[in-house]
There are 2 protein chains.
Amino acid sequence: MQFSFRMPVAVQILLCIAKFDGVFKTTSTFLASSVNINPVIIRNTLGQLKAAGLVKVAAGVGGAKLTKEPKDITLKEVFQAVEEDEDLFHIQDNPNPQCPVGRNIHRLLGSRLSLVKEHMLSDFADITLAELLDDIEKSE
Amino acid sequence: MQFSFRMPVAVQILLCIAKFDGVFKTTSTFLASSVNINPVIIRNTLGQLKAAGLVKVAAGVGGAKLTKEPKDITLKEVFQAVEEDEDLFHIQDNPNPQCPVGRNIHRLLGSRLSLVKEHMLSDFADITLAELLDDIEKSE
DNA sequence: TCTCATTGTAAATAATGGTATTACAATGAG
DNA sequence: CTCATTGTAATACCATTATTTACAATGAGA
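Residues numbered from 1 in each chain as written. Chains lettered and ligands numbered in written order. Predicted model: local features only at pLDDT ≥ 70, side-chain atom pairs only at ≥ 80, totals over all residues. Heavy atoms only, no water.

Enquirer: Quick rundown of the protein's contact with DNA strand D? Include the residues and the values.
Expert: DNA strand D sits among 25 residues. The nearest are Ala59 and Gly60 of chain A together with Ser28, Arg43 and Lys50 of chain B. Taking the atoms of DNA strand D that fall within 4 Å of the protein, sugar and phosphate contribute 60% of them. Here a phosphate oxygen of DNA strand D and a backbone polar atom of Phe5 of chain A are 3.3 Å apart. At 2.9 Å, a side-chain N or O of Arg43 of chain B approaches a base nitrogen of DNA strand D. Every element with two or more residues in the surface near DNA strand D is listed here: helix 3 (39-51) of chain A together with helix 3 (39-51) of chain B. Top contributing element to the surface near DNA strand D by residue count: helix 3 of chain B, with four residues. Per-class residue counts for the surface near DNA strand D are eleven nonpolar, nine polar and five charged. (Near = heavy atom within 4 Å. Polar contact = N/O pair within 3.5 Å; in protein donor to acceptor, adjacent residues only side chain to side chain. Helix = DSSP H or I, 4+ residues; strand = E, 2+ residues; numbered from the N terminus. Nonpolar A, V, L, I, M, F, W, Y, C, P; charged D, E, K, R; others polar.)

What follows is the structure, given as structure tokens:
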């Protein structure tokens, strides 16, 4: 069980937009060739990032730009842009209400697992695009 | 995107075994009626918990028992018993090696996301079965 | 205004994985 | 030996992800 590759793809898109800003026009086809994935998936993902206010996309002429500085974009925003806001775990819908365990399981696990997810999001909030870009520069 | 209900089901199974120990024989059918799920899923999950050393199952005669005290069983063990040990996110396999972003994306995200997963596991390690059982008692 | 590369989006398809269910041999206490 | 139960394989169904084709809408530049 693992998350889909939407978030990693979104991160790669944003890094490419930042890195090639002013050098290449970052069209969906251009971005697709970095990720090695179908351009339609890039366009859909860009749509989600646009809806989240992280990028501007030039319809018609093509290309995308960040709306903020890389230091102000965190993986938390990216994650929330491309993943649904739902519980980390699926808890069985209809446990037996006559069983003391069954009738309490949602309450028991719900809050504790929500907390785990919040921790995960705050971990993501500590990772910025700028940090990743720096890391790339260093390795060149 | 969310984890399957395997972990919540496993937790419910373990709680029932602990709670009804000595009172009812905790067969797969009995446990299935608490979770309201097919008994085969219970048997498969019990098999995973047994492989992880958390329970003993009496083949033939039926019923399951914990091998440790509830205070010594954490959700981390349960999670690892029923979920595969894999990365939290799926990163695209063949990014473009000619792109500075593409050829670094695995290195960039790999270690950072592993850390996030480790944090998640250590959150799970802080939740014990005993704590959940206490919580049930209080609400009775 | 026309052109044309590009975006936005729908639709069809394939692949994957989780969940549900049936079936039955193996188990082991009584 | 009996019988309820476990262990496990096989199958089917469904939801979601990922892939791909197709095409109307966009909008800068000629």
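So that's the structure; there's more coming.
Enquirer: Requested: an account of helix 1 (residues 6-19) of chain B, with residues and values cited.
Expert: Residues and elements named next belong to chain B. In this model, helix 1 (14 residues) spans 20 Å end to end at C-alpha, consistent with the 20 Å of a helix rising 1.5 Å per residue. Where burial is concerned, most of helix 1 is hidden: eleven out of the 14 residues are buried. Regarding helix 1, the residues found buried are Met7, Pro8, Val9, Ala10, Val11, Gln12, Ile13, Leu14, Leu15, Cys16 and Ile17. (Expected span 1.5 Å × (residues − 1). Buried < 20%, exposed > 50% of the residue type's maximum accessible area, 1.4 Å probe, protein only.)

Enquirer: Could you give an account of the packing of aromatic side chains, naming the residues involved and the relevant values?
Expert: By the definition in use, this model includes 17 aromatic pairs over all chains. Both rings, one in Phe79 of chain B and one in Phe124 of chain B, keep their centres 5.2 Å apart while their planes meet at 40°; by these two values the pair is tilted. Here Phe79 of chain B is found in helix 4 (residues 75-82), whereas its partner Phe124 of chain B is found in helix 5 (residues 105-125), with 45 residues between them in sequence. For the pair formed by Phe79 of chain B and Phe124 of chain B, the shared burial category is buried. Linked through ring pairs, Phe3, Phe79, Phe89 and Phe124 of chain A together with Phe3, Phe79, Phe89 and Phe124 of chain B together constitute an aromatic cluster. (Phe/Tyr/Trp six-rings, centres within 6.5 Å; stacked < 30°, edge-to-face > 60°.)

Enquirer: Lay out unusual backbone geometry with the relevant residues and their values.
Expert: All names here are of chain A. Non-glycine residue Asn36 carries a positive phi angle of around 70°. Take Asn36: it is sitting in the loop between helix 2 (28-35) and helix 3. Given a relative accessible area of 43%, Asn36 falls into the partly exposed group.

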